[in-house]
Amino acid sequence: MVVVTGVLKEEIIGVFREMLPLLENGELVKRNFSRGIVGGNEVVTIYGFVGKVESAMIAQAIIDRFRPSYIIHCGSAGAIHPELKIGDLVCGSVFYEHDFQASNPIGIESSSKLLEKIADVYDKINFGPIVSGDLIVSDKELKRKLFEKYGAFAVDMDSAAIAKVCHQNGVEFCALKVIVDTSEEHAQIEYEQNFRKFSSLPSTIISELLDKHLL
């Protein structure tokens, strides 16, 4: 089984609308989930969480309920790498909590199998570190520090937490994100302008992956 997660419904819609047949709709820890078939894969989608605590809670609940082999997290992120632009795609190769103070931060690596499948489906993806923390990054100086410390490509509030839970449970994980803001002073305005335009793109690519590959 494959689970596709997103913070908001728009971020999983590319997979949800391809579920044929749709086998089940339900609720798990007060969040809506759907279970169905995409290609030859049994798939569950779930959304509705913000920040590392809720992300970890949802990840553990979904693992306990469905025992998936894979979790793929889709959604939006802010750019950290100076060459990334709004609309660019980032697939996390390793995940760090940037607001967890550690002199020698240890990242959680992404599933090599999932990275290979994503690269096979879509060739315009940037592979690199994603950092997560419980704050919105909207400061040019903080953006610079995150790039220098982690070599980060993108920042969000969720991927690293899900990656850690998956690692502890032996579930393969990756996150595919689209850049919707620059993580600088006008980040919130950029997010509001770009989220609806780009948010479904990662899950649309994952839908193509699931249709093409049996995981």
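Refer to the structure above for everything that follows.
Residues numbered from 1 in each chain as written. Predicted model: local features only at pLDDT ≥ 70, side-chain atom pairs only at ≥ 80, totals over all residues. Heavy atoms only, no water.

(A) Structural context of the overall build of the protein. Looking only at helices and strands, one finds 7 helices and 10 strands in the protein. Computed over its C-alpha atoms, the radius of gyration of the protein comes to 16 Å, within 12% of the 17 Å expected for a compact globule of 215 residues. Seen through its principal axes, the protein has C-alpha atoms that stretch 50 × 35 × 30 Å. Across the 215 residues that make up the protein, the buried fraction comes to 53%. Here the contacts in the protein between residues at least 6 apart in sequence split such that 75% fall between residues at least 24 apart. When the accessible surface of the protein is summed, it comes to about 9,900 Å², and 50% of that surface belongs to carbon and sulfur atoms. (Helix = DSSP H or I, 4+ residues; strand = E, 2+ residues; numbered from the N terminus. Rg over C-alpha atoms; globule rule 2.2 N^0.38 Å. Buried < 20%, exposed > 50% of the residue type's maximum accessible area, 1.4 Å probe, protein only. Contact = heavy atoms within 4.5 Å. Areas by Shrake-Rupley, 256 points an atom, 1.4 Å probe, with all protein chains shown as cover.)

(B) Representation of the packing of aromatic side chains. Going through the model one piece at a time under the given rule, you end up with 4 aromatic pairs. Ring geometry for Phe33 versus Phe66: centroids 5.3 Å apart, planes at 75 degrees, classification edge-to-face. Separated by 33 residues along the polypeptide, Phe33 in strand E3 (residues 31–38) and Phe66 in helix H2 (residues 51–66) bring together distant segments of the chain. When its relative accessible area of 3% is taken as the criterion, Phe33 is described as buried. Owing to a relative accessible area of 13%, Phe66 belongs among the buried residues under this scheme. For the cation-ring pair, Lys164 lies above Phe100, with the distance from its terminal atom to the ring centre recorded as 5.8 Å. (Phe/Tyr/Trp six-rings, centres within 6.5 Å; stacked < 30°, edge-to-face > 60°. Lys NZ or Arg CZ within 6 Å of the ring centre and 35° of its normal.)

(C) Just the packing of H2 against helix H5 (residues 159–169), in detail. Across the interface, H2 lies against H5 with an axial gap of 8 Å and an inter-helix angle of 35 degrees. Relative to H5, the crossing made by H2 is right-handed. In contact with Lys52, Ser55, Ala56, Ala59, Gln60 and Ile63 of H2, H5 contributes Ala161, Ile162, Val165, Cys166 and Asn169. Taken together, the residues of the contact of H2 with H5 sort by class into 7 nonpolar, 3 polar and 1 charged. (Axes fitted to C-alpha atoms, helices over the stretch in contact; angles between N-to-C directions. Left-handed = near helix turned anticlockwise from the far one by under 90°. Nonpolar A, V, L, I, M, F, W, Y, C, P; charged D, E, K, R; others polar.)

(D) Molecular detail of the side chain of Glu190. Summarising the element assignment, Glu190 is placed in helix H6 (residues 187–198). One buried charge, Glu190, has no salt-bridge partner; the nearest side chain with opposite charge is Lys143, at 7.7 Å. From its side chain, Glu190 meets the backbone nitrogen of Thr182 in a polar contact 2.8 Å long. Once residues within four sequence positions are removed from consideration, Glu190 is found in contact with Ile86, Val180, Asp181, Thr182 and Ser183. (Lys, Arg positive; Asp, Glu negative; His and termini not counted. Salt bridge = Lys/Arg side-chain N within 4 Å of Asp/Glu carboxyl O. Polar contact = N/O pair within 3.5 Å; in protein donor to acceptor, adjacent residues only side chain to side chain.)

(E) Region of the structure containing the side chain of His213. As for its position among the elements, His213 is in the segment after helix H7 (201–212). Among the residues examined, His213 registers a relative accessible area of 16% and is labelled buried. A polar side-chain atom of His213 sits 2.8 Å from a polar atom in the side chain of Asp120. Every residue in contact with His213, bar those within four places of it in the chain, is listed here: Asn41, Lys117, Asp120 and Val121.

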